[in-house]
Amino acid sequence: MSVHLHWFLPTGGDGRTLVDRHAYTDGGVKRSRIAPVSGVRAPDIDYLTQIAKAAEQLGFEAVLTPTGTWCEDAWLTTVALAQHTERLKFLVAFRPGVISPVLAAQMAATYQRITRGRLLLNVVTGGDSTEQRRFGDHLDHDRRYARTDEFLSVVRGVWSGQPFDFGGEHYQVEGGLTALPPDPLPEIFFGGSSAAAGPVAARHTDVYLTWGEPPEQVKQKIDWIRGLAEKEGRTVRFGIRLHTISRDSSAEAWATANRLLDDLSPETVAAAQEALGRSESVGQQRMLALHGGSRDDLEISPNLWAGVGLVRGGAGTALVGSHSDVADRIEEYHALGVEHFVLSGYPHLEEAYWFGEGVIPDLAARGLLPRTPASPLTRPAVGGAPLLVAGGR
């Protein structure tokens, strides 16, 4: 089982501190393109193209795009970026409650044809009622997961290429179909830590995605979902969502983490914790429990740092250390059964290079990745002739 590496597209803004993204978007409520916060990189197509091209060049398989009112639409942004890349896949996050499942199936089929098969789907049921109401969705937590269950049943049924009927509590479909089903079928990524989420993952998901908890907690989740999937007669693969701070030395990496922490005022942390504490997401509450809102003892497991979660919702932990340290931790998670690693860092462009040039070669040397091709500058020239490199560039 090889490791699959993915990066992240900051479609809500990027920057050099943990608060930049939130400062720029303000939760999607008071966004200002006229006077953006100082030091924030707006998520325009030119900057996102830089990140996408870097990810492709460095050997990442795909990039994840978020979903919400605080960021750009993932479908439109990534199909635009597909025109600037050749092999990179796009893990498109979307909310099943705000779109017809038949339309979503059709969009995915069209996307696959436009991009020649580069779509992956990240189904985000939603754990924040305030955010859901912005989309006009007023279901409670458990009913949202019940609706997701029906949604994915319809999507997979419609992809069969034959007229599909479905009658449920949330969807009633008569003769739904996509005239040309997607080829290949997009893999479905899905996350959720609640009792309502587990059975949905077991029945529908290809890759169950967890946020970056310590290895023992991740193992418990894997065992839980694997057991549920076996009862459904299915096999589920596993992925993890983490940030990374990888440097040439451990001391340099931890110094970077400490700088990010120093940029956070007590007021900023308190406000973020209050907002995140209102989330209905069980996964979010598990993230908050890792640090308890305190700056003390943030290394909650070897090289696993919970500082990001002081102000950021969702993925709140980072792998911090030397390139070898980070590779060790990836190997540890991989031994538990984690196959997909969805990674990110601040800023996303620079951190992609730190990881890609430092950790990826180490993982390849351990046999966890296909070996990266040798650089054209290090390969012998055809016929033994010397390779001429122009100077002054």
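For the structure itself, consult the block above.
The notes below deal with the structure included here. It should be emphasised that the depicted structure is a prediction, and the values quoted were computed from it without experimental measurement. (Residues numbered from 1 in each chain as written. Predicted model: local features only at pLDDT ≥ 70, side-chain atom pairs only at ≥ 80, totals over all residues. Heavy atoms only, no water.)

## As for the packing of aromatic side chains
- Per the stated rule, a full pass over the model turns up 9 aromatic pairs.
- Ring geometry for W75 versus F94: centroids 5.7 Å apart, planes at 55°, classification tilted. Here W75, found in helix α3 (residues 74-81), pairs with F94, found in strand β3 (residues 89-94); they are 19 residues apart in sequence, far enough to count as distant. An identical accessibility class is assigned to W75 and F94; each is buried.
- Members of the aromatic cluster, joined through ring pairs, are W75, F94, Y111, F151 and Y171.
- Residue placement shows R312 over the ring face of F8; its charged tip is 5.8 Å from the ring centre. (Phe/Tyr/Trp six-rings, centres within 6.5 Å; stacked < 30°, edge-to-face > 60°. Helix = DSSP H or I, 4+ residues; strand = E, 2+ residues; numbered from the N terminus. Buried < 20%, exposed > 50% of the residue type's maximum accessible area, 1.4 Å probe, protein only. Lys NZ or Arg CZ within 6 Å of the ring centre and 35° of its normal.)

## Topic: the nonpolar core
- In this structure, L5, Y333, F341, F355 and L363 are the most contacted members of the largest nonpolar core, which totals 72 residues.
- One finds A253, L261, V269 and A306 within the second-largest nonpolar core, a separate group that totals 21 residues. (Core = buried A, V, L, I, M, F, W, Y, C linked by side-chain atoms within 4.5 Å.)

## Remarks on helix α7 (residues 197-204)
- Burial of α7 is extensive: 6 of the 8 residues sit out of reach of the surface.
- Turning to α7, its buried residues number three or more, namely A197, G198, V200, A201, A202 and H204.
- Buried positions along α7 lie against α6 (141-158), β7 (188-190), β8 (207-211) and α8 (215-231). (Contact = heavy atoms within 4.5 Å.)

## Let's talk about α8
- In this model α8 runs 24 Å from its N-terminal to its C-terminal C-alpha over 17 residues, within 8% of the 24 Å that 1.5 Å per residue would give.
- G233 sits one or two residues past α8 and shows a positive phi near 75°. (Expected span 1.5 Å × (residues − 1).)

## Some remarks on the pairing of strand β9 (residues 237-247)
- Extensive coverage of β9 is indicated by the burial of 10 of its 11 residues.
- Each parallel crossover has a hand, and for β8 linked through α8 to β9 it is right-handed.
- Note: β9 against strand β13 (residues 338-344), 6 bridges, orientation parallel. Within the sheet, the bridge partner assigned to R241 lies in β13 and is V342.
- Note: β9 against strand β12 (residues 318-322), 5 bridges, orientation parallel. Across the sheet, T244 pairs through a bridge with L319, a residue of β12. (Right-handed = clockwise from strand over helix to strand, strands pointing away. Pairing = 2+ DSSP bridges.)

## Observations concerning the pattern of salt bridges
- Under the counting rule described, the total for this entry stands at 23 salt bridges.
- Across the pair D149 and R203 runs a salt bridge whose closest N-O atoms are separated by 2.7 Å. Separated by 54 residues along the polypeptide, D149 in helix α6 and R203 in helix α7 bring together distant segments of the chain.
- Residue classification places D149 among the buried residues on the basis of a relative accessible area of 15%.
- Its salt-bridge partner being E332, residue R329 comes within 2.9 Å of it at the nearest N-O pair. In this pair, R329 and E332 both sit in helix α12 (residues 323-336), 3 residues apart, roughly one turn of the helix.
- The exposure class of R329 is buried, given its relative accessible area of 18%.
- One salt-bridge network, in which partners are shared between bridges, spans D328, E331, D362 and R366. (Salt bridge = Lys/Arg side-chain N within 4 Å of Asp/Glu carboxyl O.)

## Let's talk about unusual backbone geometry
- The step from D183 to P184 runs through a cis peptide bond, and the omega angle for that step is 0°.
- Tracing the sequence through the fold places P184 in the loop between β6 (172-176) and β7.
- With an omega dihedral of -10°, the bond running from Y346 to P347 counts as a cis peptide bond.
- Within the element layout of this structure, P347 appears in the loop between β13 and α13 (348-365).
- The backbone phi angle of D297 is positive, close to 55°, even though this residue is not glycine.
- Along the polypeptide, D297 turns up in the loop between α11 (282-289) and β10 (299-301).
- If you check the backbone angles, N303 has positive phi at about 65° while not being a glycine.

## Regarding the packing of helix α2 (residues 45-58) against α13
- Closest axis-to-axis distance for the α2/α13 pair is 9 Å, and the angle between their directions is 5°. In terms of orientation, α2 lies roughly parallel with respect to α13. Packed against α2, whose contacting residues are Y47, Q50, I51, A54, Q57 and L58, the element α13 presents H348, L349, A352, Y353, G356, E357 and I360 at the interface.
- Of the residues belonging to the contact of α2 with α13, the class tally is 8 nonpolar, 4 polar and 1 charged. (Axes fitted to C-alpha atoms, helices over the stretch in contact; angles between N-to-C directions. Parallel < 35°, antiparallel > 145°, perpendicular 65-115°, else oblique. Nonpolar A, V, L, I, M, F, W, Y, C, P; charged D, E, K, R; others polar.)

## Quick look at the pairing of β13
- In terms of residue burial, β13 counts as a mostly covered element, since 7 of its 7 residues are buried.
- Across 3 bridges, strand β1 (residues 4-8) lies against β13 in parallel orientation. The residue bridging L5 from the neighbouring strand is F341, located in β13.

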